[in-house]
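Coordinates in review
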Amino acid sequence: MKKIALAIAAGLALSATAAYARDNIEIVGSSTVYPFSTTVAEQYSKKTGNAAPKVESTGSGGGFKMFCEGAGVDTPDITNASRRMKSSELETCGKNGVDAVTEVKIGFDGIAIANAKSAPEFDLTDKDLFMALAKQVPGADGKLVDNPNKTWKEVNDKLPDTKIEVLGPPPTSGTRDAFAELVMEKGCEGIEAIDAIKAESKKLKEEGKEDDAKAKEKEHKAACMTVREDGAYVEAGENDNLIVQKLEANPDALGIFGYSFLEQNTDKVKGSKIDGVVPTFETIADGSYPVSRPLFFYVKNAHVDQVKGIKEFVAEFTSDAAWGDDGYLSDKGLIPLPQEMRAASAKAAADLKPLTADDLK
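Residues numbered from 1 in each chain as written. Predicted model: local features only at pLDDT ≥ 70, side-chain atom pairs only at ≥ 80, totals over all residues. Heavy atoms only, no water.

A closer look at the overall build of the protein chain
Scanning the protein chain from N- to C-terminus turns up 15 helices and 13 strands. With the principal axes as the frame, the protein chain shows a C-alpha extent of 95 × 55 × 35 Å. Within the protein chain, buried positions represent 49% of all 361 residues. A separation of at least 24 residues holds for 72% of the contacts in the protein chain among residues at least 6 apart in sequence. Accessible surface computed for the protein chain: about 17200 Å², of which carbon and sulfur atoms make up 51%. In the protein chain, the 45 positive side-chain charges and the 59 negative ones have mean positions that sit 3 Å from each other. (Helix = DSSP H or I, 4+ residues; strand = E, 2+ residues; numbered from the N terminus. Buried < 20%, exposed > 50% of the residue type's maximum accessible area, 1.4 Å probe, protein only. Contact = heavy atoms within 4.5 Å. Areas by Shrake-Rupley, 256 points an atom, 1.4 Å probe, with all protein chains shown as cover. Lys, Arg positive; Asp, Glu negative; His and termini not counted. Charge placed at Lys NZ, Arg CZ, Asp CG, Glu CD.)

A word on the nonpolar core
Counting 52 residues, the largest nonpolar core has Ile113, Leu124, Phe130, Trp152, Phe179 and Phe257 as the members making the most contacts within it. Not counting chain neighbours up to four residues away, the residues in contact with isoleucine 113 comprise Leu124, Leu129, Phe179, Leu254, Gly255, Ile256, Lys270, Gly271, Ser272, Ile274 and Tyr289. In terms of nonpolar packing, the next biggest core, distinct from the first, is built from 28 residues, Ile25, Leu295, Ile310 and Ala349 among them. (Core = buried A, V, L, I, M, F, W, Y, C linked by side-chain atoms within 4.5 Å.)

A look at the layout of surface pockets
Of the voids in this model, the largest pocket is the one considered here, and its volume is about 790 Å³. Lining the largest pocket we find 32 residues, and of these Lys86, Asp177, Ala180, Glu181 and Met225 sit closest to its centre. Where the lining of the largest pocket is concerned, the elements lending two or more residues are helix H4 (87–95), helix H7 (174–187), helix H9 (210–225), strand S9 (233–235) and strand S13 (292–300). With six residues, the single largest contributor to the lining of the largest pocket is H7. Across the lining of the largest pocket, the residue classes break down as eleven nonpolar, eight polar and 13 charged. (1 Å grid on protein atoms, 1.4 Å probe; cavity = no way out; pocket = protein on both sides within 12 Å on 5 of 7 lines; lining within 4 Å. Points joined across faces, edges and corners; volume = space filled by probe spheres on them. Nonpolar A, V, L, I, M, F, W, Y, C, P; charged D, E, K, R; others polar.)

A closer look at unusual backbone geometry
The phi dihedral of aspartate 275 falls on the positive side, at around 55°, and the residue is not glycine. Along the chain, the position of aspartate 275 falls in the loop between strand S12 (273–274) and helix H12 (281–285). We classify aspartate 275 as partly exposed; its relative accessible area is 42%. Despite not being glycine, leucine 352 has its phi angle at roughly 50°, a positive value.

Brief notes about the domain arrangement of the protein chain
The domains assigned to the protein chain are domain 1 (26–108 + 293–360) and domain 2 (110–286). The C-alpha centroid of domain 2 is placed 28 Å from the C-alpha centroid of domain 1. Facing the 19 residues of domain 1 at the interface are 19 residues of domain 2. Of the roughly 1400 Å² buried at the junction of domain 1 and domain 2 (both faces included), carbon and sulfur atoms supply 57%. Among the residues of domain 1 in contact with domain 2, Ser31, Arg293 and Ile335 are the three that bury the most area, contributing 39% of the side total. Our count for the contact surface shared by domain 1 and domain 2 stands at one salt bridge. Arginine 83 is the salt-bridge partner of aspartate 177, the closest N and O atoms lying 2.6 Å from each other. At the level of elements, helix H2 (34–48) and helix H3 (60–67) are the ones that each hand at least two residues to the side of domain 1 that touches domain 2. No other element matches the three residues that H3 contributes to the side of domain 1 that touches domain 2. (Domains from an automatic or database assignment. Buried area = accessible area lost by both parts, 1.4 Å probe. Salt bridge = Lys/Arg side-chain N within 4 Å of Asp/Glu carboxyl O.)

Quick notes on the pattern of salt bridges
One pass over the structure, following the stated rule, counts 15 salt bridges. Here glutamate 103 makes a salt bridge to arginine 84, at a shortest N to O gap of 2.8 Å. Of this pair, glutamate 103 sits in strand S4 (residues 101–116) while arginine 84 sits in the loop between strand S3 (78–81) and H4, and the two are 19 residues apart along the sequence. Between glutamate 91 and lysine 95 there is a salt bridge, with its nearest N and O atoms 3.5 Å apart. Taken as a pair, glutamate 91 and lysine 95 lie in helix H4 at a separation of four residues, close to a single helical turn. Judged by its relative accessible area of 47%, glutamate 91 falls in the partly exposed class. Taken together, the shared-partner salt bridges in this structure form one network comprising Arg83, Glu89 and Asp177.

Structure representation (structure tokens):
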């Protein structure tokens, strides 16, 4: 009888451990969301006694690629993002067997264009940043030419006579994507040569020439968003802390990163004004700072019953104690969602509501 009892106990223990294919949550993605995710991971571990999730900063694009590689437990459970998932990425997920993904919008962040505390203050416009960083800009005859601007004063005579040197994220970063859409694309408006491409695309669409119209749309996007490659823009990787260190060492340089990193390093760097508005918690929350964007994380629903603690982690992240108006994430620089939006996002997270292609239209 004793042997039978031991065998049953051993069997129960084995079934308990076999209930989960993995006991630790694996998270990848955005460097901007990284500090929020690691803070929640610490709180989750303290409250549940479970191992703290492993969080990696891979950039939003890199995170989506890893997340969508497959549904097996050798792939990440959650990916953080400083931009929304693209329909093409959701489609890739589906093709690879990741057939149910839950989107959780967690709050807002501003994109700061910052420099060293000791450096001159900058008051920039979208047009200034486009003319400084675009691969091609209008020449004397109005036609697009390779960007000849070497100093900020050449871009705008009200700006300092210092060399254009901007440290920023690589193409895999959601911050880079958001900067391209919120700043570069807006900054190219009103440039005749680029507006003409957009007008041509619209005309072709009206004529029913869809393929030609799409080609022109692509050309317009490239004209607005392609960053120069002659050294004025320096890809500084996914480590925003590294950009802060480099700005401290080089007072003439500017850096592009999420507001949360500015908030955490106000003793070293300061944010530039954009259209006369300084990036602060208040100006991002009320919408007066023009360069802000929502932040997200995405859950692989198939892993919820295979990996221990995913539901509990999501519940912690979407609790008022974490992302509420007075939550601990606001101390890290997260700008909370409005209450109604927060409630809707929390419900979608709790219900593990699958994201659809229509949601992304």
